[in-house]
Amino acid sequence: MAALWCLHCSSVRLFTSSHVAVYKLLTGFTSRFLRRYTSETSAVDFSSGLERYKDLQNVFRRRLKATYQRFSNIADQSVVCGHHYVYLIQSDGIYRVDRLQSELKPQLVLDLGHFSGGHEETGVEKDFYWTVQRVRLSPQEKHLAATIACHDRVKLSRCVIVRLEGGDFNCLDSQSIIASLGEVFSFEWATDEVMFYTTLEGVRSNKAFRLDLTSSGSRITCVYEETQPDVFVEVALSRDRHILTINCNSRTSSEVLFSDVTTPNSFSVVQPRQENLLYHVEHWRGKLLMLANTGPGHEYQVVQVPISDTSMAAWVPVFTPDPGTVIKDMEIVGDHCVLSAKTPSCHPHLIVVPLKHPKEAYVVQLPSWTCAIESRKPGLADQQDLIQFLISSPFHPPLPFCLYPERGLLLSGTEEGSSLDNQDRFITTRLEACSRDGTLVPMTLLHSVPLEHLRQAPLLVHVYGAYGRDLNMDFCPVQRLLLELGWTLAYCHIRGGGERGLSWHRQGCVKGKQRGVEDLQACLQYIFSSSISSPSLTALTACSAGAVPVGALCNSYPHLMKAVTLQAPFLDVLGSMKDPSLPLTLEDRDEWGDPVGNSEHRHCIATYCPLYNIKPQLYPSVLLTAYSSDPRVPLTGVLRYSERLRRAIHDHQSKKPQSDCDLAPNVVLNIQPGSNHLGPEDFELMLDEEALKLAFLYTEFGLAPPRKTKRFIRTNRDQ
């Protein structure tokens, strides 16, 4: 479900069954987990404190590799259906299988080995290994466009256009690649000869282009250029493939241009941008269906407008959710609008709105363990009266479902509606904690034994709380392994995120950032008061902007946790927001404030900024993982934070009598090469990174290395 992606894809600091035989490699996870490349680069050696975890890291590396292998055949989105062929995304390229002759051997359409040389972009003669990111087929399946990427010191990406000769397997060769475009972010076909796309320059996307394929070659024309630095530009295609849109979104406004795909020569503006108006466009029977924040409390509702007059004055409400229910996304399926929504407790479900009779809307309940929904983009020949999607949770692999809105029929894509192994062994509990101002903060707790038996269980708390983004709760083999080892996982949906709607984000941005810290504190205290784990067995984990509430809590209430792991952490909020030369400073003022032009903003940031509030005290142990060329989080801020934290810990220890000294916490710095803000794409490097985190947690908690059974034993370190 992609309606809201355009709003959230801006450069924040950071997340089916087929009747045709699907050929997968033995290693599996090709499009989701086992994305491989090799690199001989190395970061400047800022890393420190890693050796003491090496032996245990190797133990967890083996366990993690085995866990990933167990789930190598899970459902994913690596199949694209055309009129004549099914296209399979694998680790070495894109294959196709004839829909009518599926027993034939797959034909390699795009060989990633052709792009192994990286010297064109870097000037260095060496090999890179590329991975497929997105695939789009032209309307009559004459061409295929695919974005491919690899990550080294800097991210390399390109969009490759392949000529598909209608049905003849033997005609595909290296000459079938007819165009290669650099740094493409989004792209969609309007016709078989016309494709629109946007490019990514650093962390910004501000231009849209038109590619015309002609008998003599190709022609590129810039069709839109955005002048505002905080606006992110993306192209999209309606689900029925009737209109193409250029979406221009900031965090506080939207402006959408649209065109009929049959005559993509001019674009019309739906509604000129205005502050605090957000909307997202789909098409239905000659009308525009939109999600717009024109509902009560400026939350999303469904509205429609005729294409002849799309101004805001002509918008007519179609469906408004009940109070407390939040719309997360929208798909138009036949004559029905299918909404992905969340309850106040953050449980996902679907709402089906018959567009001809919207008052007859009904709710489709999903399994109680559901934490994430991912819609499948329909293929050229797919049925238009159904929607296919995957549901998952951190412990439950993606499970395919089909919904027929007309009949209200929900079908599982696996036998007997279950995945490959029994999920009943894990429990999903949804709780609420009361924050300092009386606001109820939702939490999702995942555990393997009843709540009353969790007092001695180690606890890993996940948090984000920024940019209106929901906490990532997709399936993750690492989290699955922890549950199998007896851990409890807590996901705290604090303000600043989007779990309870746009107002939830508004309450936790700029001058409301301290609310997110208070929410996190309330969640931890509620957990402990419920006899779940204890501070000496609790760790917090976060990535990117999620490091802000975690770092702030460490400064204010360090006794609430034993350890912290932070990935690509944003820790120098004040310094970053004062520096307009950094790529995200201007765009991020709506989120963090403007400390240069607004003294209130400066004072507010100064009260919680993790870097500027470090003081001599007993901190939890901290593992910091950062990337040397990360454009979103400057490495200098991470280095300054680790240096100040070590100094504060040393000052605290040195002022206490030797007999009263606590065991000094460890500050571990793991600096890796590359620019991928979300971590390494190389499977082996990813294993190393995740295994280090687990080794760090077990060591700091004083837990014995895991055995085959799910037992955790305290060692002498904490006795």
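What you see is a predicted model, and the numbers here were worked out from it, not measured in a lab. (Residues numbered from 1 in each chain as written. Predicted model: local features only at pLDDT ≥ 70, side-chain atom pairs only at ≥ 80, totals over all residues. Heavy atoms only, no water.)

Caption draft 1: Layout of the packing of aromatic side chains. For the structure shown, the criterion picks out 15 aromatic pairs. Measuring from centroid to centroid gives 6.3 Å for Y85 and Y87, while their planes differ by 65°, and the two rings are edge-to-face. No difference in accessibility class separates Y85 from Y87, as the two residues are buried. Ring geometry for Y279 and W315: centres 5.5 Å apart, planes at 65°, overall edge-to-face. Here Y279 is found in strand β17 (residues 279–284), whereas its partner W315 is found in the loop between β19 (301–306) and β20 (316–319), with 36 residues between them in sequence. Considered together, Y279 and W315 belong to a single accessibility category, that of buried residues. In this structure an aromatic cluster arises from ring pairing among F60, W487, Y698 and F701. Its end group placed over the ring of W504, R500 keeps NZ or CZ at 5.5 Å from the ring centre. (Phe/Tyr/Trp six-rings, centres within 6.5 Å; stacked < 30°, edge-to-face > 60°. Buried < 20%, exposed > 50% of the residue type's maximum accessible area, 1.4 Å probe, protein only. Helix = DSSP H or I, 4+ residues; strand = E, 2+ residues; numbered from the N terminus. Lys NZ or Arg CZ within 6 Å of the ring centre and 35° of its normal.)

Caption draft 2: Representation of the nonpolar core in the model. By size, the foremost hydrophobic cluster in this structure holds 114 residues, and its most contacted members are W487, L520, L540, V550, V573 and W592. By size, the runner-up hydrophobic cluster in this structure holds 22 residues, among which are Y85, V109, W130 and V160. (Core = buried A, V, L, I, M, F, W, Y, C linked by side-chain atoms within 4.5 Å.)

Caption draft 3: Fine view of unusual backbone geometry. Residues other than glycine seldom take positive phi values, yet C346 does so here, at roughly 75°. With respect to the helices and strands, C346 occurs in the loop between β22 (336–342) and β23 (348–354). A residue is classified by how much of its surface remains accessible, and C346, at 4% relative accessible area, is buried. Notably, V510 is not glycine yet its phi reads approximately 50°, a positive angle.

Caption draft 4: Here's a closer look at the side chain of H493. Residue placement: H493 occurs in the loop between β32 (488–492) and α5 (502–506). A distance of 3.3 Å separates the side chain of H493 from the side chain of E499, its partner in a polar contact. (Polar contact = N/O pair within 3.5 Å; in protein donor to acceptor, adjacent residues only side chain to side chain.)

Caption draft 5: Molecular detail of helix α12 (residues 683–701). Relative to the 27 Å expected for 19 residues at 1.5 Å per residue, α12 spans 27 Å between its end C-alpha atoms, a close match to the ideal helical length. With 17 of its 19 residues buried, α12 lies for the most part within the structure. Capping of α12 at its N-terminal end is provided by D682; its side-chain oxygen lies 3.0 Å from the backbone amide nitrogen of E684. (Expected span 1.5 Å × (residues − 1).)

Caption draft 6: Quick look at the sheet that holds strand β29 (residues 427–434). Strands sit in the order β29-β30-β32-β31-β33-β34-β35-β36 across an open sheet of 8 strands; the sheet is mixed. Edge strands, defined here as strands with exactly one partner in the open sheet, are β29 and β36 (667–672). The average angle at which neighbouring strand axes cross in this sheet is 20°, direction not considered. Sheet topology note: the strand β31 (residues 459–463)/β32 ladder contains 5 bridges and is parallel. Counterpart to L459 in the pairing with β32 is T488. (Pairing = 2+ DSSP bridges. Axes fitted to C-alpha atoms, helices over the stretch in contact; angles between N-to-C directions.)

Caption draft 7: Representation of helix α7 (residues 547–556) in the model. Within α7, 9 of the 10 residues are buried, which leaves it mostly tucked inside the rest of the structure. Every buried residue of α7 is listed here: A547, V548, P549, V550, G551, A552, L553, C554 and N555.

Caption draft 8: Spotlight on the sheet that holds strand β4 (residues 107–111). Here we have 4 strands laid out as an open sheet, ordered β1-β2-β3-β4, and antiparallel in their pairing. Strand pairing shows two members of the sheet lacking a second neighbour, β1 (79–81) and β4, which therefore form its edges. Each strand axis lies, on average, 25° off the axis of its neighbour in the sheet, ignoring direction. Alignment of strand β2 (residues 85–90) against strand β3 (residues 93–98), held across 6 bridges, turns out to be antiparallel. Within the sheet, the bridge partner assigned to Q90 lies in β3 and is G93.

Caption draft 9: Layout of the environment of M312. By the element assignment, M312 lies in the loop between β19 and β20. Along the sequence, M312 and V270 sit 42 residues apart, while their C-alpha atoms lie 8.3 Å from each other. Ignoring any residue separated from it by four or fewer positions in sequence, one finds M312 in contact with Q271, Q274, L277 and T294. (Contact = heavy atoms within 4.5 Å.)

Caption draft 10: Examining the packing of helix α2 (residues 54–70) against helix α4 (residues 477–484) more closely. Taken N-terminus to C-terminus, the directions of α2 and α4 make an angle of 110°; their axes are 9 Å apart at the nearest point. Here α2 lies roughly perpendicular to α4, going by the angle between them. When the axes of α2 and α4 are compared, the crossing they make is right-handed. Residues R63, L64, T67, Y68 and R70 of α2 lie in contact with α4, whose contacting residues are P477, V478, R480, L481 and E484. (Parallel < 35°, antiparallel > 145°, perpendicular 65-115°, else oblique. Left-handed = near helix turned anticlockwise from the far one by under 90°.)

Caption draft 11: Representation of the packing of helix α6 (residues 513–529) against α7 in the model. The geometry of α6 relative to α7 is characterised by a closest axis approach of 9 Å and an angle of 70° between their N-to-C directions. In terms of their interaxial angle, α6 and α7 are classed as roughly perpendicular. In the crossing of α6 with α7, the sense of the turn from one axis to the other is right-handed. In contact with V517, L520, Q521 and L524 of α6, α7 contributes P549, V550, A552 and L553.

Caption draft 12: Spotlight on the pattern of salt bridges. Summed over all chains, the structure comprises 29 salt bridges. Between D335 and R285 there is a salt bridge, and its shortest N-O distance comes to 2.6 Å. Of the two residues, D335 is situated in the loop between β21 (326–333) and β22 and R285 in the loop between β17 and β18 (287–292); the sequence distance between them amounts to 50 residues. A salt bridge links R589 to D594; the nearest nitrogen and oxygen atoms lie 3.7 Å apart. Connected via shared salt-bridge partners are R61, K65, E684 and D688. (Salt bridge = Lys/Arg side-chain N within 4 Å of Asp/Glu carboxyl O.)

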